[in-house]
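Close look at the chain arrangement
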Amino acid sequence: MMRPWFSVWLLAITSLIAEDGDVDEFSRAPYIQQVGADFGCLVWRTENSIDPIVRYGQDWKNLTNSLPESAIAIRREAKGNKELENGSMKPRPLHSPPKGTRQFEATFSGLKPDTRYYYAIYDDDKRLTPNDQSYHFRTAPMPGSKKRAHFWVVGDSGTGEKRQSKVHDAMLDYVKEVNQPIDFCLHLGDMAYSKGTDSQFQRKYFEVYDETLRNTVVWPAMGNHEGVSSNGATGVGPYYDAFVCPTKGEVGGVGSGTEAYYSFDYGRIHFVVLDSFDVDRSGQGVMAQWLKEDLNRVNKADWLIAYWHHPPYTKGSHDSDRSKESIEIRENILPILESHGVDVVLTGHSHIYERSMLMDGAYSTPTVVDQVILDDGDGDPKGDGAYRKLPNLAPHQGTVQVVAGNGGEDVERLGTMPVMKRVIVENGSVLVTIEGNVLKAVMIDFEGGVRDRFQLVKQDGVLVKRLSNPRTLPPYVPPGSSVPKDYVGIIGQGDSWQYHVGATDPTGWPNESMVASQWSTGKMPIGDARAGLKTQLTAMANAGQRLYVTHEFELSEEMDPKRLGIAVEYRDGFIGYVNGHEVVRQGVEK
């Protein structure tokens, strides 16, 4: 009696699998690409030939529409195919996929704005995608419409390791908790370590983020690691195979003619995406000229968000005062953006989270804070209060710089960039909400904790005030060290000092008018009876003798006297004076 029952159960299971879809047919699971108000793009891969059919509709249980065959492009590798190798076959061939790969790019058109559509992929009449609600996308609102936007920002994530997945999961848990699904994602680059190859993209990007990619568009910026195998000048490589980005202004803005840099609109927000790695970053370059034209034509936006890979300000795993890419972006590109009222700049590359004060005009190297900080508060409504700007895109009203290169790679800190208000050495990502005249941002760490938050509010009557002595974070002191890692040397350890040995204070000590022209001169370190000293003092062997040393120095205009520090190695005790005023005392009673 058991055998017939057992046979029927197996048949039932087989039937369910066939109805729910055969996901094993995909070598790269379906994912959403550029989405506008009336169109969208769906991409997937197989290793075998299929007869692709895409059905879609607004009811996930009743997909009444089908894409025509002409709406589905099929891309293959050029190698071994003469038509592809000589460029006579369209669309563009794939760069370096696994053998036999077919990439399908399906374009939906004639859609309604701000509307959710469900989709299913078939091989003829065989369903490949599971029959569930997660396979969907939502069209963008009409350009200029006042629609709230909620988006995810992540950078330097592509390790394929546990921390990357935890950052993603923390984001999903948070948006579920606050009941605010994301509308789209911005990736700041380095999504597939270490060379951005096709297989690295598959394992360290597509497989990790599959749950999000099947229903949410990602607008990418290329990182230097993708640049190992992809080329911004030609638009060829695994990075350019993975993404479909606008080149002709399809989603708003001015067409750039390249996927290396582009712009798009979402409601009343204009986004600019740049290539900071392998295209000309000069002010006269093609990218800068396109940027100027694009920003000059913005007319329906209240907010301007710009992002790329290399940060103009950072002391994380990289130092923006020593990086050619960062310096050129800071000197040549930021002035263009700030003259057009950019609100937030998002970058990665440096494996850390850093967030600036409200700032404008910090183009010099090294970076200084005098007269470039407009609000030195924390931007938190529950703290010092939100940052405030004039409505629309008024020039030079202040920008918040966010470095979010902490999406999965090991985090690191070299020092403290003086324009920063928050520095967090932990993996995480950023969620941004823009509604009306308010922008809200939170940094969520890999465990789901809110580690930073700030707001920008646009309102009439705001006056720009440049601060001459803004509040800044203290210098960074690495664990186990007593000396900041990001100091600028004024007097070197081996420099020569004037010195005097005696039992009583020299005449005029310690006044700045004191004359030390008759004192001896010697290089540090100075002392007696110890190996390694550059200046040995035999007189110090006598009881009650003291060593007096003096050295003149000057501070440049951008240096803050309140941030002066002194590193001293001593045996018994010492007292330090600056311009005759005691500033430090160790081991010596008053």
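It should be noted that the structure appears before, not after, this text.
So, how was this worked out
- Residues numbered from 1 in each chain as written.
- Predicted model: local features only at pLDDT ≥ 70, side-chain atom pairs only at ≥ 80, totals over all residues.
- Heavy atoms only, no water.
- Helix = DSSP H or I, 4+ residues; strand = E, 2+ residues; numbered from the N terminus.
- Expected span 1.5 Å × (residues − 1).
- Bend = angle between axes of the 7 residues up to and from the residue.
- Buried < 20%, exposed > 50% of the residue type's maximum accessible area, 1.4 Å probe, protein only.
- Contact = heavy atoms within 4.5 Å.
- Pairing = 2+ DSSP bridges.
- Axes fitted to C-alpha atoms, helices over the stretch in contact; angles between N-to-C directions.
- Salt bridge = Lys/Arg side-chain N within 4 Å of Asp/Glu carboxyl O.

1. Comments concerning unusual backbone geometry
- Here the bond from Thr365 into Pro366 is cis, since omega is 0°, no more than 30 degrees from zero.
- A cis amide bond, omega 0°, links Trp509 with the succeeding residue Pro510.
- Structurally, Pro510 can be placed in the loop between strand E26 (496-502) and strand E27 (520-523).
- Positive phi, close to 65°, is recorded for Asn392, a residue that is not glycine.

2. Quick notes on helix H8 (residues 324-339)
- Taking 1.5 Å per residue as the helical rise, H8 with its 16 residues ought to reach 22 Å, and the 23 Å between its terminal C-alpha atoms agrees with that figure.
- Largest kink in H8: about 40°, centred on Ile333, with the proline Pro335 one to four residues after it.
- Listed in full, the buried residues belonging to H8 are Ser326, Ile327, Ile329, Arg330, Ile333, Leu334, Ile336, Leu337 and Glu338.
- Among the structural elements, helix H7 (286-296), strand E15 (303-307), strand E16 (344-347), strand E18 (358-359) and strand E21 (400-404) are those in contact with the buried residues of H8.

3. A look at the sheet that holds strand E24 (residues 438-445)
- Spatial ordering of the open sheet is given by E12-E11-E10-E23-E24-E25-E20, a layout of seven strands whose pairing is mixed. Edge positions in the open sheet fall to strand E12 (218-220) and strand E20 (387-389), since each of these has one partner strand only. Across this sheet, the average inter-strand angle for adjacent strands is 20°, counted without regard to direction.
- As judged from the four bridges shared by strand E10 (residues 149-154) and strand E11 (residues 184-187), these two strands associate in the parallel manner. In the strand pairing of E11, Trp152 is matched with Cys185.
- Each of E10, strand E23 (428-435), E24 and strand E25 (450-458) is contacted by helix H3 (residues 162-177), which is oriented at about 35° to E23, the strand it contacts most.

4. Re the pattern of salt bridges
- The tally for this structure, following the rule as stated, stands at 28 salt bridges.
- Linking Asp241 and Arg75 is a salt bridge whose minimum nitrogen-to-oxygen distance equals 2.9 Å. Pair noted here: Asp241 is in helix H6 (residues 238-242) and Arg75 is in strand E5 (residues 72-76), with a separation of 166 residues, a long-range link. With respect to burial, Asp241 and Arg75 carry one shared label: buried.
- One network of salt bridges, with partners in common, ties together Lys315, Asp319, Asp321, Arg322 and Arg330.

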